[in-house]
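Residue-level listing of the chains:
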Amino acid sequence: MRALHDDPADGRTLATLAARAGTSERTFARLCRRELGMSFPQWRTQLRLHHALLLLADGLPVTVVAHRCGWASAGAFIDVFRRALGYTPGHAFTM
């Protein structure tokens, strides 16, 4: 989890991260749910959105933020951001 916190764009899978931690994918998934209260994909998205908000607050362009946080495109980032927060990243610090 620390590796993803340090680099939210890290695209390693749950299986790869579990192997790195010396556990099975299933055990790692159960630990995520128990310790974080959400699934691994949900946690990764929340982590990326948090990091994105910090970068947007620093004034970085939406496209740069999208790629630094692990989204393949600005459009995909904008869609996830809007669904999660109710507004687009371009409006994040204009309200």
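Because the structure is a prediction, the values reported are computed rather than measured. (Residues numbered from 1 in each chain as written. Predicted model: local features only at pLDDT ≥ 70, side-chain atom pairs only at ≥ 80, totals over all residues. Heavy atoms only, no water.)

Student: Summarise the pattern of salt bridges; cite the residues concerned and give the values.
Tutor: All chains considered together, the criterion is met by four salt bridges. We note a salt bridge from Arg 12 to Asp 10, for which the minimum N-O separation is 2.6 Å. Of the residues examined, Arg 12 reaches a relative accessible area of 27% and is grouped as partly exposed. On the basis of relative accessibility, which here comes to 13%, the residue Asp 10 falls in the buried class. Among the ionic pairs, Asp 79 bridges to Arg 82, the shortest N-O distance being 2.9 Å. A residue pair is termed a helical-turn pair when its members lie 3 or 4 positions apart in one helix, as Asp 79 and Arg 82 do in helix α6 (residues 74-85) at three residues. (Salt bridge = Lys/Arg side-chain N within 4 Å of Asp/Glu carboxyl O. Buried < 20%, exposed > 50% of the residue type's maximum accessible area, 1.4 Å probe, protein only. Helix = DSSP H or I, 4+ residues; strand = E, 2+ residues; numbered from the N terminus.)

Student: Residues and numbers for helix α3 (residues 25-36), please.
Tutor: For α3, spanning 12 residues, the distance from its first C-alpha to its last is 16 Å, which sits close to the expected 16 Å at 1.5 Å a residue. Two residues or fewer past α3, Gly 37 is found with a positive phi of approximately 75 degrees. (Expected span 1.5 Å × (residues − 1).)

Student: Kindly report on the packing of aromatic side chains, identifying the contributing residues and their values.
Tutor: Scanning the model with the defined rule gives five aromatic pairs in all. Three or more aromatic residues joined by ring pairs make a cluster, and in this case those are Trp 71, Phe 77, Phe 81 and Tyr 87. (Phe/Tyr/Trp six-rings, centres within 6.5 Å; stacked < 30°, edge-to-face > 60°.)

Student: Please provide a residue-by-residue account of the environment of Leu 85, values included.
Tutor: One can find Leu 85 in helix α6. Judged by relative accessible area, Leu 85 falls into the partly exposed class, the value being 32%. Along the sequence, Leu 85 and Leu 49 sit 36 residues apart, while their C-alpha atoms lie 9.3 Å from each other.

Student: Which residues make up helix α4 (residues 40-57), and what values do they have?
Tutor: Over its 18 residues, α4 extends 26 Å from the first C-alpha to the last, a length consistent with the 26 Å expected when each residue adds 1.5 Å. Residues Phe 40, Trp 43, Arg 44, Leu 47, Arg 48, Leu 49, Ala 52, Leu 55 and Leu 56 constitute the buried set of α4. After α4 finishes, the residue Gly 59 shows a positive phi value of roughly 90 degrees.

Student: So what's going on with the nonpolar core? Residues and values would help.
Tutor: Formed by 13 residues in total, the largest nonpolar core has its most connected members in Leu 56, Val 65, Cys 69, Trp 71, Phe 77 and Phe 81. Sorting the residues of this core by element identifies α4, α5 (62-68) and α6 as the ones contributing at least two each. Among all residues touching Trp 71, those that are not within four sequence positions of it are Arg 48, Leu 49, Ala 66, Ala 76, Phe 77 and Val 80. Within the second largest apolar cluster, nine residues are counted, among which are Leu 4, Leu 17, Trp 43 and Leu 47. (Core = buried A, V, L, I, M, F, W, Y, C linked by side-chain atoms within 4.5 Å. Contact = heavy atoms within 4.5 Å.)

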